[in-house]
Amino acid sequence: MTPRTRFGIAAFIILILVAVGLLFWGPIRQALFGPPAGPAHVVVSGNIEAHQSVLSFTDVQAPIVYLPFDEGKYVKAGTPLARVDNRLYRQQVQIDRSNLEVASRQVAVDTSNLAAAQNTVVSDRFALAEKRRDLARDKEQLPLGAVSRQAYDLAFTAAAQASAALARDQALVRVARDNISLARANLAAADAKMKLDEVTLSYTTLRAPFSGVLAVREAELGELASPGVAIFTLDDLDHVWLRAYVNETNLGQVRLGEPVTVTTDTYPGKIYHGRIGFIASQAEFTPKTVETHAERVTLVYRIRIDIYNPTHELLPGMPADATIALLPAGR
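Here, residues in each chain are numbered from 1, in the same order as that chain's written sequence. Thresholds applied to this predicted model are a pLDDT of at least 70 for local features of residues and 80 or more for the giving and counting of side-chain atom pairs; totals over whole chains, interfaces and linings are not thresholded and use all residues. Based on all heavy atoms of the structure, the side-chain values leave hydrogens and waters out of the count.

## Examining unusual backbone geometry
We apply this condition: The helix and strand labels rest on DSSP assignments: H or I over at least four residues marks a helix, E over at least two residues marks a strand, and numbering proceeds from the N terminus. For the exposure calls, accessible area comes from a 1.4 Å probe over protein chains only, and a residue counts as buried if that area is under 20% of its type's maximum, exposed if over 50%, partly exposed in between.
Of note, Asp 59 is a non-glycine position whose phi angle comes to about 60 degrees, a positive value. As for its position among the elements, Asp 59 is in the loop between β1 (41–56) and β2 (62–66). According to the relative accessible area criterion, Asp 59 is exposed, its value standing at 55%. For His 312, which is not a glycine, the phi torsion comes out positive at approximately 60 degrees. The residue His 312 is located in the loop between β12 (299–308) and β13 (319–325) in this model.

Take a look at the structure:
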């Protein structure tokens, strides 16, 4: 056998051994090292969502006289977005202020009346004491003939009249106190009415409850605004999230607060950073938007991924993918 033949046979044997090794490497590796590790991450898909608020006027009905913004405008919290004709409401507040002033003056008048009635009672007490002294003196002198019976009777009548006057003026003091209580109650009611109408007046201006983008404008200048009729839809694009679902087998490998990377087809190659902000406690069927029936009947858990969106590039409804690192289960 020539050296060339021997080399050919040796090479053929080596090739056979390599093929056999490749064929049985999987079972051999699993026997030696255990089953292969699962994927280090999972990719989930969903749509971007954001807090939306439908803005309308409260408790007022009047034509819109101020509507400066169009759709797509970014506004800060507290920015006036619309205003209705508020002349009627301003006039009502002015009437309330006048009524409040009248009620305040009535309290002052009744307070003065009480002071006058109290002074009258003091005078009545002095007068009654004097009449009683006169009556007592005439009573002592009547048996001695120093005073006539008529004079004594007059002194008795004067003392009785003074006592009645005192009782009458004491009753007037009580009435004056009641009048003050009533006037103060009227003053409090007038003040509450004015404050209520001032709140209603403030409702004639529609302000942004938070900073965001005006997604929809549903009114025009001059239209009649009514309570509950939508004027704007405001999106909070500073705080958006991705609604997605993870399989039950991966549930034990994701954690609240875990960092997540998010990508979209709209901005290829750009990565957004987020964190898992919510994991549902109950399983549900995969949403019907999934293509195959086999996936639709699979139980999954809903998660929410909060995404940092300072440039407002991510918009509600935009499809996105999130890559979640799978952590060791049970830790």
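## Considerations on the nonpolar core
Generally speaking, nonpolar side chains in soluble globular proteins are found buried as a group. Note the following rule: Side-chain atoms within 4.5 Å link the members of a nonpolar core, which is a set of buried Ala, Val, Leu, Ile, Met, Phe, Trp, Tyr and Cys residues. Pairs of residues are marked as contacts when any of their non-hydrogen atoms sit within 4.5 Å.
With 25 residues, the main nonpolar core has Ile 48, Val 262, Ile 305, Ile 307 and Ile 324 as its most contacted residues. The leading source of residues in this core is strand β8 (residues 230–247), at 5 residues. Once you skip the residues sitting within four places of it in the chain, Ile 324 turns out to touch Ala 40, His 41, Val 42, Val 44, Val 246, Val 254, Glu 258, Val 260, Ile 276, Ile 303 and Ile 305. Leu 67, Leu 81, Ile 231 and Leu 234 belong to the second largest nonpolar core, which has 20 residues in total.

## Some thoughts on the sheet that holds β2
Backbone-to-backbone hydrogen bonds pair the strands of a sheet. The strands run either parallel or antiparallel. Heads up, the condition is: Here the rule is simple: two strands pair whenever DSSP picks up at least two bridges between them.
With respect to topology, 4 strands assemble into an open sheet ordered β5-β4-β2-β7, the strand pairing being antiparallel. The open sheet is flanked by β5 (205–207) and β7 (224–225), the only strands paired with a single partner. As paired strands, β2 and strand β4 (residues 80–84) are joined by 2 bridges and run antiparallel to one another. Across the sheet, Tyr 66 pairs through a bridge with Arg 83, a residue of β4.

## Brief notes about the side chain of Asp 85
Filter applied, for reference: What qualifies as a polar contact is a pair of N or O atoms within 3.5 Å, subject to a donor-acceptor requirement within protein and to the restriction that residues adjacent in sequence count only when both atoms come from side chains.
Along the chain, the position of Asp 85 falls in the loop between β4 and α2 (87–141). Here Arg 87 takes part through its side chain, which lies 2.7 Å from a polar atom of the side chain of Asp 85. The contacts of Asp 85, once residues within four sequence positions are left out, are Ala 62, Pro 63 and Val 65.

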